[in-house]
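One-letter residues, chain by chain:
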Amino acid sequence: MDGDGVEAATTAAWMERHRQMYERATRHPFTVSIRDGTVDMSAFKRWLSQDYIFVREFVAFIASVLLKCCKQAESSDMEIILGGVASISDELSWFKNEATKWGVDLASVSPLESNSEYCRFLQSFTEPEISYVVAVTTFWIIETVYQDSFGFCIEEGNKTPPELLGTCQRWGSPEFKQYCKSLQRIVDRCLAKAPADVVKSAEEAFTRVLQLEVGFWEMSSSQS
Ligand SMILES: Cc1ncc(CN)c(N)n1
């Protein structure tokens, strides 16, 4: 509690507690190399093709968050999460267009190990035992890592190659930042009412996403 008796936001406290891990996920050498203009284009293309596979799995994940939301949450949450479902269709088309632009054949791509691991994690959310609070926390931090990572690539002083600005704006835009903020408000509201064991599981999911995101960037940079 702060001096006014208001509960400090839990997500802000986690960001502080796990700051190093958060920085590793959002200031990874791969995305920093986009910002400083030294990105290896074969790594970029690998990221693009692997992320297309990820996003296809992410569709089912968001659908599972929406389902849990409809069963357990306030109706205003549903409209925000539904916005995420709507924009994912656009995201898939975007990946297909980019792949054509970069000469990447999406049909011949198989998931690399770190991607498969992340996809298995997403699939685990279809289990009905996983609560809405943990699921929406996971959704928020997955989106936030991309928002922060790519937002940095278009901040002042960037040397991002012009042909990659569209990619960075996709997740770094002020609109997407606002979307992530609205998810964060949902998460904080839910966590404030959740029992301690659920808050603990949500924090574990938060740190797990940060690890998986680092693994995803590493895989993109090095094909491991
Ligand atoms: C690995 C990963 N993490 C997050 C996002 C953002 N939807 C993404 N496309 N891919």
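The residue count restarts for each chain, going from 1 along the sequence in the order it is written. Local features in this predicted model are restricted to residues of pLDDT 70 or higher, and side-chain atom pairs are both shown and tallied only at a pLDDT of 80 or more, whereas totals for entire chains, interfaces and linings draw on every residue. Side-chain numbers come from the whole structure's heavy atoms, not from hydrogens or water.

1. A closer look at the site of the ligand
Rules: Proximity is defined per residue: if any heavy atom of the residue lies within 4 Å of a molecule or strand, that residue is considered near it. Identification of polar contacts relies on pairs of N or O atoms within 3.5 Å, with a donor-acceptor requirement for protein atoms, meaning one able to donate a hydrogen and the other able to accept it, and with residues adjacent in sequence counted only if both atoms are side-chain atoms. Comment: elements are numbered from the N terminus, with helices defined as DSSP H or I runs of at least four residues and strands as E runs of at least two.
All residues adjacent to the ligand are Asp51, Phe54, Val55, Phe58, Glu91, Tyr118, Ile142, Glu143, Tyr146, Trp171, Glu213 and Phe216. One of the side-chain nitrogen or oxygen atoms of Asp51 is found 2.7 Å away from a nitrogen atom of the ligand. At a separation of 3.1 Å, a nitrogen atom of the ligand approaches a polar side-chain atom of Tyr146. Contributions of two or more residues to the shell around the ligand are made by helix H4 (41-72), helix H7 (132-153) and helix H10 (196-222). Per-element accounting of the shell around the ligand gives the leading share, 4 residues, to H4.

2. Digging into the packing of helix H6 (residues 113-123) against H10
In plain terms, the rule: Axis definition: a line fitted to C-alpha atoms, over the contacting stretch in the case of helices. Angles run 0 to 180 degrees between N-to-C directions. For classification purposes, angles smaller than 35 degrees are called roughly parallel, those larger than 145 roughly antiparallel, those between 65 and 115 roughly perpendicular, and all remaining angles oblique. Left-handed is the label given to a crossing in which the near helix is rotated counterclockwise from the far helix by less than a right angle, and right-handed is the label when the rotation is clockwise. The contact rule is simple, with two residues in contact once any of their heavy atoms fall within 4.5 Å. Three classes are used: nonpolar for Ala, Val, Leu, Ile, Met, Phe, Trp, Tyr, Cys and Pro, charged for Asp, Glu, Lys and Arg, and polar for all others, with Gly counted as polar.
Between H6 and H10, the least distance of the axes is 9 Å, while the angle of their chain directions is 155 degrees. Here H6 lies roughly antiparallel to H10, going by the angle between them. In this structure, H6 crosses over H10, and the sense of that crossing is left-handed. Touching Ser114, Asn115, Glu117, Tyr118 and Phe121 of H6 are Ala205, Arg208, Val209, Leu212, Glu213, Gly215, Phe216 and Met219, all from H10. Grouping the constituent residues of the contact of H6 with H10 by class yields 7 nonpolar, 3 polar and 3 charged.

3. Quick look at the UniProt feature "binding site: substrate" (unreviewed entry) in the chain
We count it as follows: UniProt positions are given in the numbering used here, feature names are shortened, and annotations may be inferred rather than shown by experiment. Between buried and exposed lies partly exposed: a residue is buried under 20% and exposed over 50% of the maximum accessible area for its type, with that area taken using a 1.4 Å probe on protein chains only.
Within this structure's numbering, the places UniProt gives as "binding site: substrate" (unreviewed entry) are Asp51, Glu91 and Glu143. Spanning 93 residues, the named residues nonetheless gather at one spot, since no C-alpha pair among them exceeds 13.1 Å. Within the secondary structure, Asp51 sits in helix H4. Within the fold, Glu143 resides in helix H7. Its relative accessible area of 8% is what places Glu143 among the buried residues. The residues contacting Glu143, other than those within four sequence positions of it, are Phe58, Phe176, Cys180 and Leu183.

4. What to know about the environment of Trp140
Take Trp140: it is sitting in helix H7. Among all residues touching Trp140, those that are not within four sequence positions of it are Thr11, Met15, Cys180, Leu183, Gln184, Val187 and Phe206.

5. Section: the packing of helix H5 (residues 75-102) against H7
Axis separation between H5 and H7 bottoms out at 13 Å; the angle between their running directions is 40 degrees. By the angle between their axes, H5 is oblique relative to H7. Of the two elements, H5 crosses H7, and the hand of that crossing is left-handed. On the side of H5, the interface is formed by Asp77, Ile81 and Gly84, while H7 contributes Tyr132, Val136 and Phe139.

6. Topic: the side chain of Thr11
Along the polypeptide, Thr11 turns up in helix H1 (residues 10-17). On the basis of relative accessibility, which here comes to 0%, the residue Thr11 falls in the buried class. Among the polar contacts made by the side chain of Thr11, one reaches the side chain of Gln184 at a distance of 2.9 Å. In this structure the side chain of Thr11 is engaged in a polar contact, spanning 2.6 Å, whose partner is the side chain of Asp188. Beyond its immediate sequence surroundings of up to four residues, Thr11 is in contact with Trp140, Gln184, Val187, Asp188 and Leu191.

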